[in-house]
Number of protein chains: 2
Amino acid sequence: MPNYYLFKPDFLSGFTADVFKSFGVPEQDARQASKVLAKSDIRGIDSHGIARLKSYVEMFSIGRLNPTPEITVVRDRKSVATVDGDSGLGLVVGPKANEIAMDKASQHGSGWVSVCNTNHYGIASYYSLQALERDMIGWSMTNTSSIVSPLWGAKSMLGTNPISIAFPGYNNPPIVIDLATSVVALGKVEIARRQGKPIPEGWLVNEQGQDTTNPSDMFKGSLLPLGSTREMGGHKGYCLSSMVDILCGVLSGANWGPFVPQFAMYETPPEHSVGKGIGHFFGAMEIDGFDEVEAFKKRIDQWIEEFRKTPPINGQEAVLIPGDPEHKAEKDRTRNGIPVIQAVIDDLNFVSATTRVPFDWENACLEVISGEL
Amino acid sequence: MPNYYLFKPDFLSGFTADVFKSFGVPEQDARQASKVLAKSDIRGIDSHGIARLKSYVEMFSIGRLNPTPEITVVRDRKSVATVDGDSGLGLVVGPKANEIAMDKASQHGSGWVSVCNTNHYGIASYYSLQALERDMIGWSMTNTSSIVSPLWGAKSMLGTNPISIAFPGYNNPPIVIDLATSVVALGKVEIARRQGKPIPEGWLVNEQGQDTTNPSDMFKGSLLPLGSTREMGGHKGYCLSSMVDILCGVLSGANWGPFVPQFAMYETPPEHSVGKGIGHFFGAMEIDGFDEVEAFKKRIDQWIEEFRKTPPINGQEAVLIPGDPEHKAEKDRTRNGIPVIQAVIDDLNFVSATTRVPFDWENACLEVISGEL
């Protein structure tokens, strides 16, 4: 039986910030970047938090990331703009570009920013949540390296390209939508592979584009887009993923489709480049431009309460509101700590050894828990 | 073997406009409304064109539609606004509200309009296509009466709530995304029912929320959202449908969720009202605010050409670009005419009899074709 370990969020984010600083990232940017990763862990999205620190470190090590980027607005027309991230950490470029979108919304009612020359930005909902603090509706998207095949195609052409949008409630927590446009996260295939279990039909195709239940086909195959097959709407997932790719990559002048640079070192790099870095897209709309803020928030509450009353299917859980699982995790983890598995501890020890940033995890550990996370 | 009939687009849209005029719709509005329905037929989306004229007529007959609406901007803040459609035809309110969004984009870089007190607006892509004529990226969404259950729920709470977005090409036709957020259109279940064939698992649940392959369960059951089950991403389709419902309904002060008024007379009306009419959401972003228009369009061409090169799965068609089927239909139908099945001819004869607008279809018919459409 494996163990996992609980830590205070501050311990993990302090270490994260110190690691970024060791590569020359300025104090404020390092704190910002660690805040984005911490939010992912706090909200229960373990795949996108401190578990990715090693990948960011590898990217710094090979010079793919600029620790001191000059983030610039390269084109601007009132409520819209294109931003160049100067090869910075997505965890630094993303928050800055999102702030530009929100500032535009304050001034022009809405703000929309397409970003090139950036890198992986963490969880999409970090950004849409920021907008809520300013009484705005927040939008966030990013393209990612290709691992998803378009319907009827036998090659990975698109990333998992997530879409997030958030709406504030009045007494209720916000509605937070954050979804990858692939049928499933690659992490779920990886878990099945480690456990030696078959995966459901409709998740993965092999190198020839044939449906497979063997998770090991993930290395040369492709995930399917949301909907999987033509019959079940696979063309819709392909369309949504394309939309994200175009708004983030094609619009900003970043790479798109199969040319988006890989994040992890074990992924195959694209044949060549058609733009700069990866791309994001941020939007913010001032609620006050549509209606009184309070009136809107109260209608959101009404929506939430009505949907909670949906009669559940026998034997199923009650209908959830988008963002419920993350909100529950946030409440639990803020109180009890962030769980980290042994494999991630090992990665962080490796990061500590290469960067010489101390990682005294045994002293910081709040509790050791026996079992699967 | 049934027949279908080919007609010039002008014959059908002339009749449509005359029918609307017979209810007191002003000339210009009647032409606009008929243009939206004609676009649907020309683009091969038979379900949303003249086949729906009878439903619009029924709505006029019971006084649900205002033939001479005063469409007003009820709140406005530079790039965003809320519009009240005054119970007008969605086919008139939609184009007007979309124009407000595009005018805002000309002035502020982007424009975003949430609309209440409106009715069914035809195909979502009519509106996103309009934006292309002004070198803008166009967005369009609408909520519709509830027929889709949220994941794990045993009640229809959401409509098929479509999302459309369109991007212009340079030498290539535009990329036009237009998808319902349900797993499948209700029309496909209806076709199976008429043919006495079972439907695939994952499309429909019965009144108790249990998966069914019996298409007759459509009357008391619900369609599933895109993704169908938890394992295949049904929560994602539910999230996307919720997003559309909130942007169109909750934001504007229209009805939302199970309270959206029904379109066809055979649907069960909602228990009560929580807002005004149904809701739409339109967006337009000026491409020139992000990059040179020509440079962007050429990158779209590059994207299209790269995706066309995707190696196809053995035995499958080549990978399509979003909008390909509609573009093909548009080329074919502009040249050869619009096909109309006997059941729709019967409906139009009924419309002609009740409105006293002549419908001389036998003389106007270009060709009778034997077979299924």
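Above this note sits the structure.
In this text the structure is predicted, and so the values were computed from the model without any measurement.

Of the residues lining the interface, 93 residues belong to chain B; the matching set on chain A comes to 93 residues. Summed over both partners, the interface of chain B with chain A comes to about 7900 Å²; 67% of that surface belongs to carbon and sulfur atoms. Among the residues chain B hides against chain A, the three largest losses belong to B:Arg75, B:Trp152 and B:Phe290. Together they make up 11% of the total. Scanning the region where chain B abuts chain A turns up 6 salt bridges. A salt bridge links B:Glu292 to A:Arg75; its shortest N-O distance comes to 3.6 Å. Scanning the region where chain B abuts chain A turns up 35 residue pairs in polar contact (both at pLDDT 80 or more). The biggest single contributor to the side of chain B that touches chain A is helix α7 (residues 234-250) of chain B, with 10 residues. Residue classes in the side of chain B that touches chain A are distributed as 51 nonpolar, 24 polar and 18 charged.

Now for the environment of B:Met1. Residues and elements named next belong to chain B. When you line up the elements, Met1 lands in the segment before β1 (3-7). Sequence separation between Met1 and Gly371 is 370 residues, and the spatial gap between their C-alpha atoms is 5.7 Å. Apart from residues lying up to four places away in sequence, Met1 is in contact with Ser370, Gly371 and Glu372.

Further remarks concern the sheet that holds strand β4 (residues 110-118) of chain B. Residue and element names in this part refer to chain B. Strand order in the open sheet formed by 7 strands is β2-β3-β4-β11-β5-β6-β7, with mixed pairing between adjacent strands. The open sheet terminates on both sides in strands that have one partner only, identified here as β2 (72-77) and β7 (175-179). On average, adjacent strands in this sheet sit at an angle of 10 degrees to one another, irrespective of strand direction. Sheet topology places strand β6 (residues 163-167) next to β7; 5 bridges connect them, and they run antiparallel. Looking at β7, one finds that Ile163 is bridged to Leu179. Packed onto the sheet, helix α4 (residues 90-108) meets β2, β3 (80-84), β4, β5 (136-142) and β11 (278-286) and runs at close to 160 degrees relative to β4. With respect to the sheet, helix α8 (residues 293-308) is in contact with β5, β6 and β7, its orientation differing from that of β7 by roughly 70 degrees.

The rules we used
- Residues numbered from 1 in each chain as written.
- Chains lettered and ligands numbered in written order.
- Predicted model: local features only at pLDDT ≥ 70, side-chain atom pairs only at ≥ 80, totals over all residues.
- Heavy atoms only, no water.
- Contact = heavy atoms within 4.5 Å.
- Buried area = accessible area lost by both parts, 1.4 Å probe.
- Salt bridge = Lys/Arg side-chain N within 4 Å of Asp/Glu carboxyl O.
- Polar contact = N/O pair within 3.5 Å; in protein donor to acceptor, adjacent residues only side chain to side chain.
- Helix = DSSP H or I, 4+ residues; strand = E, 2+ residues; numbered from the N terminus.
- Nonpolar A, V, L, I, M, F, W, Y, C, P; charged D, E, K, R; others polar.
- Pairing = 2+ DSSP bridges.
- Axes fitted to C-alpha atoms, helices over the stretch in contact; angles between N-to-C directions.

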